[in-house]
Amino acid sequence: MIGLISATAAGAIARDRLAAAWPGRVRVYEGPVREAVERAFAECDALVCFLATGATVRLLAPLLTDKASDPGVVCVDEGGRFAVSLLGGHGGGANALAAEVAEVLGCTPVVTTATDAVGVPGLDTLGLPVEGAVAAVSRAVLDGSPVALRADGVWPLPALPPNVAPAAEDAVATLHLTDRLLELGPGEAVLRPKSLVVGVGASKGAPVDEVLGLVEEAIRDAGLSLLSVAGLATVDAKSEEPGIVEAASRLGVPLTTYSAQELSRIEVPNPSDAPLDAVGTPSVAEAAALVGGGELLVPKRKSSPEGRAAMATCAVVRRAPRGRLAVVGLGPGARDLLTPRAKDELRRASVLVGLDQYVDQIRDLLRPGTTVLESGLGAEEERARTAVALAREGHAVALIGSGDAGVYAMASPALAEAADDIEVVGVPGVTAALAAAAILGAPLGHDHVSISLSDLHTPWEVIERRVRAAAEADIVVTFYNPRSRGRDWQLPKALGILAEHRAPHTPVGVVRNASRPDESSRLTTLGTLDPATVDMMTVVTVGNTATREIAGRMVTPRGYRWQSATAEGAE
């Protein structure tokens, strides 16, 4: 919950705009400002104070305890010009909140956190728990000083600056990436990858302290960190066992359950008749931990309570790093049509793979240290294979394409290569058809289809059959790849097929380089369009029998009753 506090009429107006934009997410605190701040600070995850920063600092000072637990605070000035991340930039989420507030209120976000200011990810923003001399190592990273990276494996982290490297000479600080317990020096910090899965078995009524104590003991005795536990796992029959459920809750990790049949298929070193009789599988703890593979670090281990039999078992498995592939649509070209999610994924990646001209569009958005692998036209399948291979190695990879990456772009070849051994994230983008349609008016107001006229990947016989089907079904058609110097007959042929079913006055929209600086568009008709004026940078949208030109715009009605009314009115 986000607490909103204001002291003036102007502040209240901005406050109410934010409250209206985020229903259910915010709580307005009325009354004397000091009391309102105190109540909100105690009750909320974050605060937005429509107050001067100096006044807010004085009100907050007596309330501060620890940056790991204090809520993030954003200040908005009286004029509504700036949203200042004042407190808890990373841990409290104030940096991100300032950006959100600025978007709603139309003001400028102000973030002074050093790492954000220079585009370097803070150690506490990498998505992993971090321990040790975090401030000292972060300072070295920011200063460009050599920082040694000691990693047990490749994890899908955002790009780290070039001065953070395994072979850093004369390193002034060290950043470890490991699930192992270490003796850390004054210039060392450690990131804890979520690499450990703990399989748990328990008798009915097993106390949570016994289950949790066993897990903690097993992890500690193996020289591992509890912060690297990704989750607990058990058999379906124990999905509601209070001791197991509460142990997962106290550790702050998810509990995953599997059927006895699934667990019985997992080979384990220590099968037993007891769980087979009780829940139908010869192993619970080891088998549940080993689902999905991994290295068994701690074989089945029993609890050892005083004066009675053990009621809990556990086993610990280290999972191999799971790489991440984000397939990102960049939109048609204009920066303001690049989605916020796409920008986030570009900054989330440590490796970017893409067509050289698309890389140039977004190079400035990448974090320092991002590895860029770019190639020219015609290398689509090679780029897809490269991106998937790097994700399999454990990297965070962004594979980019224009428009929407799933429409005539990189998602198809990439996902044809990818198995379930990597995480795949699709990031939608504004397609050329949609960008062109917005320029033309509303040509896609009813059923529509996109067809590529390039026969490099699809036989012309198949393309022609699809065009004919669209023509017979009276569907609006957007043609991609309509004409090039080496393919100059396909567009006239396709238009001829449509002309068999549509009148010569049918509106046709022609848009070249939609949303780019040299954008051009025109509205013509099926009978007068000159194919020679079209090239590969153009999309051609042909209306159906209901499409009309209205006030210079191309409009396809949502229903045919509108068409009938228009026709009657014209008589």
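Rules used in this analysis
Residues numbered from 1 in each chain as written. Predicted model: local features only at pLDDT ≥ 70, side-chain atom pairs only at ≥ 80, totals over all residues. Heavy atoms only, no water. Helix = DSSP H or I, 4+ residues; strand = E, 2+ residues; numbered from the N terminus. Contact = heavy atoms within 4.5 Å. Areas by Shrake-Rupley, 256 points an atom, 1.4 Å probe, with all protein chains shown as cover. Lys, Arg positive; Asp, Glu negative; His and termini not counted. Charge placed at Lys NZ, Arg CZ, Asp CG, Glu CD. Axes fitted to C-alpha atoms, helices over the stretch in contact; angles between N-to-C directions. Parallel < 35°, antiparallel > 145°, perpendicular 65-115°, else oblique. Nonpolar A, V, L, I, M, F, W, Y, C, P; charged D, E, K, R; others polar. Pairing = 2+ DSSP bridges. Disulfide = S-S within 2.5 Å. Buried < 20%, exposed > 50% of the residue type's maximum accessible area, 1.4 Å probe, protein only. Core = buried A, V, L, I, M, F, W, Y, C linked by side-chain atoms within 4.5 Å. Salt bridge = Lys/Arg side-chain N within 4 Å of Asp/Glu carboxyl O. Expected span 1.5 Å × (residues − 1). Phe/Tyr/Trp six-rings, centres within 6.5 Å; stacked < 30°, edge-to-face > 60°. Lys NZ or Arg CZ within 6 Å of the ring centre and 35° of its normal. Left-handed = near helix turned anticlockwise from the far one by under 90°.

Pulling in residues and values, what's your account of the overall build of the protein chain?
The number of helices and strands found in the protein chain is 19 helices and 29 strands. For the C-alpha atoms alone, the extent of the protein chain along its principal axes is close to 95 × 65 × 55 Å. Contacts in the protein chain between residues far apart in sequence, at least 24 positions, make up 65% of those at least 6 positions apart. Split by element, the accessible area of the protein chain, about 26700 Å² in all, is 52% carbon and sulfur. With 52 positive and 69 negative side-chain charges, the protein chain shows a spacing of 3 Å between the two charge centroids.

Please give an account of the packing of helix α1 (residues 9-21) against helix α4 (residues 94-105) that cites residues and values.
Running from N to C, α1 and α4 cross one another at 100 degrees; their axes reach a closest spacing of 10 Å. One way to sum up the angle between α1 and α4 is to call them roughly perpendicular. Residues Ala14, Arg17, Leu18 and Ala21 of α1 touch α4, and the partners they reach there are Val101, Val104 and Leu105. For the contact of α1 with α4, a count of residues per class yields six nonpolar, no polar and one charged.

Outline the sheet that holds strand β25 (residues 507-512), supporting the account with residue identities and numerical values.
Taken in spatial order, the five strands line up as β23-β24-β27-β25-β26 in an open sheet, and their pairing is mixed. Where the open sheet ends on each side, the last strands, each with one partner, are β23 (448-452) and β26 (520-525). Mean inter-strand twist for the sheet, computed between neighbouring axes without regard to direction, equals 20 degrees. Sheet analysis places β23 next to strand β24 (residues 476-480), joined by five bridges and oriented parallel. Following the sheet pairing, His448 is matched in β24 by Val476. Packing of helix α16 (residues 432-440) onto the sheet brings it into contact with β23, β24, β25, β26 and β27 (538-542), and relative to β25 it is tilted by some 115 degrees. Against the sheet, helix α17 (residues 460-472) engages β23 and β24, with an angle of about 160 degrees to β23.

So, the state of the cysteines: which residues are in play, and what are the values?
Evaluated as defined, the whole model comprises zero disulfides. Summary of cysteine pairing: Cys49 is not part of a disulfide, and the nearest cysteine sulfur, belonging to Cys75, is at 5.3 Å. Between Cys107, a free cysteine, and Cys75, which holds the nearest cysteine sulfur, the sulfur-to-sulfur gap is 12 Å. When its relative accessible area of 11% is taken as the criterion, Cys107 is described as buried.

So what about the nonpolar core? Which residues, and what values?
By size, the foremost hydrophobic cluster in this structure holds 24 residues, and its most contacted members are Val198, Val200, Val211, Ile219, Leu232, Ala247 and Val316. Those elements that place two or more of their residues in this core are β12 (196-202), α7 (208-221), β13 (229-235), α8 (242-251) and β16 (312-318). If one sorts the elements of this core by residue count, α7 sits on top with seven residues. Residues within four places of Val198 in sequence aside, it is in contact with Val215, Ile219, Val229, Gly231, Leu232, Ala233, Ala289, Cys314, Ala315 and Val316. Counting 21 residues, the second largest nonpolar core, distinct from the first, contains Trp460, Ile463, Ile497 and Val508.

Could you give an account of the sheet that holds β13, with specific residues and numbers?
Here five strands make up an open sheet; going across it, the order is β14-β13-β12-β16-β15 and the pairing mixed. Bordering the open sheet on either side are β14 (255-258) and β15 (295-302), each of which pairs with just one other strand. The average angle at which neighbouring strand axes cross in this sheet is 20 degrees, direction not considered. Where β12 and β16 come together, seven bridges link them in antiparallel fashion. If you follow Leu196 over to β16, its bridge partner there is Arg318. Contacts from α7 reach β12, β13, β15 and β16 within the one sheet, and its direction differs from that of β16 by about 35 degrees. On top of the sheet, α8 reaches β12, β13 and β14; it is set at about 175 degrees to β13, its chief contact.

Any details on the pattern of salt bridges? Residues and values, ideally.
Within the structure shown, the criterion is met by 29 salt bridges. Note that Arg15 is salt-bridged to Asp16, the shortest N-O span being 3.0 Å. Classification of Arg15 as buried rests on a relative accessible area of 8%. Judged by its relative accessible area of 39%, Asp16 is partly exposed. The residue Arg308 makes a salt bridge to Glu210 at a minimum N-O spacing of 2.5 Å.

Hey, could you go over α7 for me, with residue numbers and the actual values?
For α7, which comprises 14 residues, the first-to-last C-alpha distance of 20 Å matches the rise-based estimate of 20 Å (1.5 Å per residue) to within 8%. Turning to α7, its buried residues are Val208, Glu210, Val211, Leu212, Leu214, Val215, Ala218 and Ile219. For α7, the elements touching its buried residues are β12, β13, α8, β15 and β16.

Hey, could you go over the packing of aromatic side chains for me, with residue numbers and the actual values?
All told, the structure shown has two aromatic pairs when counted by the stated rule. With centroids separated by 5.0 Å and ring planes inclined at 70 degrees, the aromatic side chains of Trp460 and Trp489 adopt a geometry described as edge-to-face. Of this pair, Trp460 sits in helix α17 while Trp489 sits in the loop between β24 and α18 (490-499), and the two are 29 residues apart along the sequence. According to the relative accessible area criterion, Trp460 is buried, its value standing at 10%. Sitting over the ring of Trp22, Arg25 keeps its end group 4.4 Å from the ring centre.

Account for unusual backbone geometry, naming residues and giving values.
Despite not being glycine, Asn481 shows a phi value in the positive range, around 45 degrees. Along the chain, the position of Asn481 falls in the loop between β24 and α18. Look at Asn481 and you get partly exposed, because its relative accessible area is 22%. Not every positive phi belongs to a glycine, and Ala551 is a case in point at roughly 55 degrees. Structurally, Ala551 can be placed in the loop between β28 (548-550) and β29 (553-555). Residue class for Ala551 comes out exposed when judged on its relative accessible area of 67%.

Outline the packing of α17 against α18, listing residues and values.
Direction vectors running N to C along α17 and α18 enclose 30 degrees, while the axes themselves pass 9 Å from each other. Between α17 and α18, the angle falls in the class roughly parallel. In the crossing of α17 with α18, the sense of the turn from one axis to the other is right-handed. Residue-level contacts link Trp460, Glu464, Val467, Arg468 and Ala471 of α17 to Gln490, Lys493, Ala494, Ile497 and Leu498 of α18. Residue composition of the contact of α17 with α18, grouped by class: six nonpolar, one polar and three charged.

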